[in-house]
Amino acid sequence: MPPTVMLEVSRYRPEQDDKPVFQTYEVPFRDDWVVLDALNYIKDRLDGSLSFRWSCRMGVCGSCGMMVNGRPKLTCAAFLSDHLPGPIRVEPLNYFPIMRDLIVDITDFLEKLKKVKPWIVRDQVLPLEKGEYRQTPQQLDVYRQFSQCINCMLCYAACPVVGLEPGFVGPAAIALAQRYNLDSRDEGAKQRLKILSDHAGIWGCTFVGECTQVCPKHVDPAGAIQQYKLTGALDTLKSFLLPFGTR
Amino acid sequence: MSDLAQYTPYHPRWYRRRMPVLWWLKDRAYVKFVLRELTSVFVAFFALTSLWQLRALAQGPDAYARFVARLKAPIFLAVDIVALGFVLFHTITWFNLTPTAMVVRVRGKRVPDMIVAGSNYVVWVLVSAAVAWILTRGVK
Amino acid sequence: MTGRFTPFMWFVFSVGGTIAAFLFPVHLFLNGLAFPLGWLDAPSYEALRALVQHPVTRLYLFVMISLPLFHWAHRFRYTLYDVLQLYHLGLLIAILCYGAALGGSAGAAYTLCNLG
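Bear in mind the structure is a predicted one, so any value in this text is a computation, not a measurement. (Residues numbered from 1 in each chain as written. Chains lettered and ligands numbered in written order. Predicted model: local features only at pLDDT ≥ 70, side-chain atom pairs only at ≥ 80, totals over all residues.)

Here the focus is the overall build of chain C. For chain C, the count of helices and strands is four helices and zero strands. For chain C, the α and β elements follow one another from N to C terminus as α-α-α-α. For 116 residues, the compact-globule formula gives about 13 Å, and the C-alpha radius of gyration of chain C, at 17 Å, lies well above that figure. The dimensions of chain C, computed from C-alpha atoms along their principal axes, are 50 × 30 × 20 Å. When each of the 116 residues of chain C is scored for burial, the buried share is 41%. In chain C, the proportion of contacts linking residues at least 24 apart, taken out of those at least 6 apart, comes to 78%. (Helix = DSSP H or I, 4+ residues; strand = E, 2+ residues; numbered from the N terminus. Rg over C-alpha atoms; globule rule 2.2 N^0.38 Å. Buried ≥ 20, exposed ≤ 12 C-beta atoms within 10 Å, placed from the backbone. Contact = placed C-beta atoms within 7 Å.)

The secondary structure content of chain A amounts to nine helices and seven strands. For chain A, the spread of C-alpha atoms along the three principal axes comes to 70 × 40 × 30 Å. By residue count, 43% of the 247 residues in chain A fall in the buried class. In chain A, of all internal contacts separated by at least 6 residues, the share reaching a separation of at least 24 is 64%.

Moving on, we get to the domain arrangement of chain A. Residue and element names in this part refer to chain A. According to the domain assignment, chain A contains domain 1 (4-104) and domain 2 (107-241). For domain 1 and domain 2, the distance between their C-alpha centroids amounts to 30 Å. Contact residues are listed per partner, giving 13 residues for domain 1 and twelve residues for domain 2. Elements represented by at least two residues in the side of domain 1 that touches domain 2 include exactly β3 (65-68) and β4 (71-74). If one sorts the elements of the side of domain 1 that touches domain 2 by residue count, β4 sits on top with three residues. (Domains from an automatic or database assignment.)

Glancing now at the interface of chain B and chain A. On the chain A side, the residues contacting the 20 residues of chain B number 23 residues. Where the side of chain B that touches chain A is concerned, the elements lending two or more residues are α1 (28-59) and α3 (74-101) of chain B. Grouping the amino acids of the side of chain B that touches chain A by side-chain chemistry returns 13 nonpolar, three polar and four charged. (Nonpolar A, V, L, I, M, F, W, Y, C, P; charged D, E, K, R; others polar.)

A few words on the packing of α1(B) against helix α2 (residues 61-71) of chain B. Residue and element names in this part refer to chain B. Direction vectors running N to C along α1 and α2 enclose 145 degrees, while the axes themselves pass 5 Å from each other. The two elements α1 and α2 meet at a crossing, and its hand is left-handed. For the pair formed by α1 and α2, the contact residues are Q53, A56, L57 and Q59 on the first element and A63, Y64 and F67 on the second. Looking at the contact of α1 with α2, its residues break down into five nonpolar, two polar and no charged. (Axes fitted to C-alpha atoms, helices over the stretch in contact; angles between N-to-C directions. Left-handed = near helix turned anticlockwise from the far one by under 90°.)

This paragraph deals with the interface of chain B and chain C. For an interface, size is often stated in terms of accessible area lost upon the parts coming together. At the interface, 41 residues of chain B touch 42 residues of chain C. When residues of the side of chain B that touches chain C are traced back to their parent elements, those giving at least two are α1, α2, α3 and α4 (113-138) of chain B. The residue inventory of the side of chain B that touches chain C, partitioned by class, reads 29 nonpolar, seven polar and five charged.

All names here are of chain A. All buried positions along helix α1 (residues 35-46) are accounted for by V35, L36, A38, L39 and I42. Down the axis of α1, the buried set is contained in an arc of 165 degrees. They therefore lie on one face. Away from its buried face, by an angle of more than 90 degrees, α1 presents the exposed residues D44 and R45. Considering only its buried residues, α1 is in contact with β1 (4-11), β2 (21-28), β3 and β5 (88-91). (Arc of directions from axis to C-beta.)

Another aspect to go through is the nonpolar core. Formed by 69 residues in total, the largest nonpolar core has its most connected members in A:L7, A:V35, A:C155 and A:I174. With seven residues, the top contributor of residues to this core is helix α6 (residues 171-181) of chain A. The contacts of A:C155, once residues within four sequence positions are left out, are A:P171, A:A172, A:C211, A:V214, A:C215 and A:P221. In terms of nonpolar packing, the next biggest core, distinct from the first, is built from 40 residues, B:L51, C:L23, C:F70 and C:L80 among them. (Core = buried A, V, L, I, M, F, W, Y, C linked by C-beta atoms within 7 Å.)

Looking now at unusual backbone geometry. Residue and element names in this part refer to chain A. For the peptide bond that leads from L84 to P85, omega is 5 degrees, which places it in the cis range. Here P85 is to be found in the loop between β4 and β5. The peptide bond linking G86 to P87 adopts the cis configuration, its omega dihedral lying at 5 degrees. Within the element layout of this structure, P87 appears in the loop between β4 and β5. Despite not being glycine, M153 has its phi angle at roughly 65 degrees, a positive value. Relative to the helices and strands, M153 resides in the loop between α3 (137-144) and α4 (154-158). For M153, a count of 23 C-beta atoms within 10 Å gives the class buried. For D220, which is not a glycine, the phi torsion comes out positive at approximately 60 degrees.

What follows concerns the sheet that holds β2(A). Residues and elements named next belong to chain A. Strand order in the open sheet made by the five strands is β2-β1-β5-β3-β4, with mixed pairing throughout. The sheet terminates laterally at β2 and β4, the two strands that pair on one side only. For this sheet the average axis-to-axis angle between neighbouring strands, irrespective of direction, equals 35 degrees. Contacts from α1 reach β1, β2, β3 and β5 within the one sheet, and its direction differs from that of β2 by about 95 degrees. (Pairing = 2+ DSSP bridges.)

With that out of the way, let us pick up the packing of α1(B) against helix α3 (residues 55-82) of chain C. Between α1(B) and α3(C), whose axes approach to 8 Å, the crossing angle comes to 150 degrees. Of the possible angle classes, the one that applies to α1(B) and α3(C) is roughly antiparallel. Viewed along their axes, α1(B) and α3(C) form a crossing whose handedness is left-handed. Residue-level contacts link B:E37, B:S40, B:V41, B:V43, B:A44, B:A47, B:S50, B:L51 and B:L54 of α1(B) to C:L61, C:M64, C:I65, C:P68, C:L69, C:H71, C:W72, C:R75, C:F76 and C:T79 of α3(C). Residue composition of the contact of α1(B) with α3(C), by class: 13 nonpolar, four polar and two charged. (Parallel < 35°, antiparallel > 145°, perpendicular 65-115°, else oblique.)

If you want it as structure tokens, here you go:
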């Protein structure tokens, strides 16, 4: 095990840089250190001007997503030992505008999340006297996987369609929509399908599948989208066969 | 493609990276994806050669004999080998992705992906054997 | 563009892809390699002609040719959008791709109906 490892970190200071440049730092190697530890060492001891986001440092908040050697990773979960011999390249998440150093603007992402109506939609809200909406474990199991998303945006950084078509709603948002579609308490599937049955919605996806590969919470957004496509397609077929029917 | 940060009305100095023309060469997973998508070209190729064969069959024994002779040319054999490789890649990726797109539930529990994919392979072998039998033994 | 057209074509793409996945390897292996190279005995002209007379065979062949062509059309359309970044030519590409598939299918239908 080497005593130190080199980190090549992307820097971008809008007040002085035209475009991002790489700066190399030598950080101590510890076999229990992750890239986030190395970045914090740089900020504490080597270069206080380095800017990056992080919070829980344990893989539940979704703040510390960055490109590590070209792959989107949570830096709090990317061990230095897995990226030896180095240099380890750290860049901001792909397909987002860079604000500064390793910080990207996520306004677009937040707008896309809101677009899919990520809440329980009901035609008739039950009055309080009727009590809670009850749900069996089997009903929970149907959507549970898609509810695990921590909004870390690694899937957006992995999806080429996000980069090619800025309007594309993206994996996390569609998985979130599907999470509500499959929730037994929800009655908003039709509304969401109308919003997402579009080239910017589910039909922009070409099932590259990288979103699922990089998701740290095993949400499987690619699965959510393909299942959603099947639902959408069957809905379209039904509308052909029963043009005046069950709408 | 300009390297300079793009000016937008609200965010004057955020740096917007451009998608390179050969974006799909930058990552092994993307290369595999593009190869998978290109299998459709060879699928179309075989559909059209099947149509060509059908038309030769319809035109009579001489036309069909000429068609069969053409198939033996080295260039066609080479293309067929490449096409077979791509078509097999299509089959394998298609079956492996089926469990992601279609969730099968039996008595409330999700059927494991390997079983969903595996059953596709089993049916494929059976269907292929049936077709091969019909075309080699089933007709005189 | 989307509305109901793209979801419907995605469905056709899926069915066509499934047909190609199950049937094309064996047919391509036999017709492209095994028969020309003599590894297996090819069926005679008369045998094939008789086989194709049957309406079930004709339906099989039509489905085997036309649906995979539409599979190609849908997939290739998106390949051109994403790999070659030609999304701005969207309508033209869609017309060319699906049109070509339609043409091939029409050719197949015509040939199969006029086998006599």
